[in-house]
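Analysis of the macromolecular model
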Amino acid sequence: MKILIIEDEVKLAEYLRKGLGSAGLASDIANDGLTGLHMALEFDYAAIILDSMLPGLDGLGVLAALRQRKQTPVLMLTALGKVEDRVKGLQSGADDYLVKPFAFSELTARIQVLLRRSSPTNSDTQSNLLCLEGLEMDLGRRRVSRNGQRIDLSSKEFQLLSLFLRRKGEVLSRAEIAEQVWDMNFDSNTNVVEVAIKRLRGKIDTPFSTPLLHTVRGMGYVLEVRS
């Protein structure tokens, strides 16, 4: 699951990326409207954070072109705070509208609402809870437990486990994990993924009898129950 941030203010875009990462959500950044539209159409994002005033193509232009082909949830994040601006954005196809300056906690809450709305499940509780064989992650409360025993994770460990739980049973390569969790291209000389996997295993597997996080030699890692 990834969020697309279309924002021309570089510092703000990076602030959003880091904040979403701390909330367990990876993200990509586009700093102009045309690039953002291309990325939104080319890839499947869980949601989009869209500025109004963008170089190349403004936010409403991006939204109009996007809605012709996709219904990806869009939160407009803009300095244009007049009632007519908000109405125009929502009528143009935005799912939500937040005015700058903003509280990051509110932005995160609004993004989570959009993700729940677009989730195939109709239950807010279910959409916030990821589970596998006694391992539970509550995304809303940012809590992890296994067999009722609470597990404390760092921000990156939480994000890493969230990725595995969302795609349980899938083999994830080191390159994909590095891109999704650290937003970086995989470097074979870097062992950041291996170190993070080892630490995560020490918390979710080592204290328990049944391992869930497995290495698939030559391919990557998978979270699954094995007989």
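For the structure, check the block above.
Residues numbered from 1 in each chain as written. Predicted model: local features only at pLDDT ≥ 70, side-chain atom pairs only at ≥ 80, totals over all residues. Heavy atoms only, no water.

**Some points on the overall build of the chain**
On a plain count of helices and strands, the chain comes out with nine helices and eleven strands. The C-alpha atoms of the chain give a radius of gyration of 19 Å, which matches the 17 Å a tight globule of 227 residues would have. With respect to the principal axes defined by its C-alpha atoms, the chain has extents near 60 × 40 × 30 Å. Sorting the 227 residues of the chain into buried and exposed places 45% on the buried side. Sequence separation of 24 or more characterises 56% of the internal contacts of the chain that already satisfy a separation of 6 or more. The average position of the 30 basic charges and that of the 29 acidic charges among the side chains of the chain differ by 5 Å. (Helix = DSSP H or I, 4+ residues; strand = E, 2+ residues; numbered from the N terminus. Rg over C-alpha atoms; globule rule 2.2 N^0.38 Å. Buried < 20%, exposed > 50% of the residue type's maximum accessible area, 1.4 Å probe, protein only. Contact = heavy atoms within 4.5 Å. Lys, Arg positive; Asp, Glu negative; His and termini not counted. Charge placed at Lys NZ, Arg CZ, Asp CG, Glu CD.)

**Some words on the nonpolar core**
Counting 29 residues, the largest nonpolar core has Leu 161, Phe 164, Ile 177 and Leu 223 as the members making the most contacts within it. When contributions to this core are tallied by element, the ones reaching two or more residues are strand E6 (129-132), strand E7 (135-138), helix H7 (155-166), helix H8 (174-182), helix H9 (192-204) and strand E11 (220-223). Per element, the largest residue contribution to this core is six residues, and it comes from H7. Discounting chain neighbours no more than four positions away, the residues touching Ile 177 are Leu 160, Leu 163, Phe 164, Leu 172, Trp 182, Val 193 and Tyr 221. (Core = buried A, V, L, I, M, F, W, Y, C linked by side-chain atoms within 4.5 Å.)

**What about the sheet that holds strand E9 (residues 149-151)?**
A sheet is described by the order of its strands in space; here four strands give the open sequence E6-E7-E8-E9, paired in antiparallel fashion. Sheet topology places E6 and E9 at the edges, where each strand pairs with a single neighbour. Averaged over all adjacent pairs, the angle separating strand axes in this sheet is 20 degrees, with direction ignored. Summarising the sheet, strand E8 (residues 143-146) and E9 pair through three bridges and their orientation is antiparallel. Residue pairing in the sheet places Ser 145 in a bridge with Arg 150 of E9. (Pairing = 2+ DSSP bridges. Axes fitted to C-alpha atoms, helices over the stretch in contact; angles between N-to-C directions.)

**Comments concerning the pattern of salt bridges**
Under the defined criterion, the tally for this structure stands at 17 salt bridges. In this structure, Lys 100 engages Asp 51 in a salt bridge whose closest nitrogen and oxygen atoms are separated by 3.6 Å. Linking Lys 100 in the loop between strand E5 (96-99) and helix H5 (104-118) with Asp 51 in the loop between strand E3 (47-50) and helix H3 (59-67), this pair joins segments that are 49 residues apart in sequence. Looking at Lys 100, the relative accessible area reads 17%, which means it is buried. The residue Arg 174 makes a salt bridge to Glu 194 at a minimum N-O spacing of 2.8 Å. With a gap of 20 residues between them, Arg 174 in helix H8 and Glu 194 in helix H9 connect regions that are remote in the sequence. On the basis of relative accessible area, Arg 174 is assigned to the partly exposed category, the value being 24%. Residue Glu 194 is classed as partly exposed on the basis of its relative accessible area of 29%. One network of salt bridges, with partners in common, ties together Glu 7, Glu 9, Asp 51 and Lys 100. (Salt bridge = Lys/Arg side-chain N within 4 Å of Asp/Glu carboxyl O.)

**Focus on the pairing of E7**
Here E6 runs beside E7; their pairing, made up of four bridges, is antiparallel. What sits directly across from Leu 129, in E7, is Asp 138. Between E6 and E7, which follow one another and run antiparallel, lie two residues, and Glu 133 among them has a positive phi close to 45 degrees. Bridge analysis of E7 against E8 gives four bridges, and the strand direction is antiparallel. Across the sheet, residue Leu 135 finds its bridge partner in E8, namely Arg 146. Once E7 ends, the chain turns through four residues before running back antiparallel as E8, passing Arg 142 with a positive phi of about 55 degrees.

**Description of the environment of Glu 176**
Mapping Glu 176 onto the fold places it in helix H8. The partly exposed category is assigned to Glu 176, whose relative accessible area is 22%. Between the C-alpha atoms of Glu 176 and Gly 220, which are 44 residues apart in sequence, the distance is 9.2 Å.

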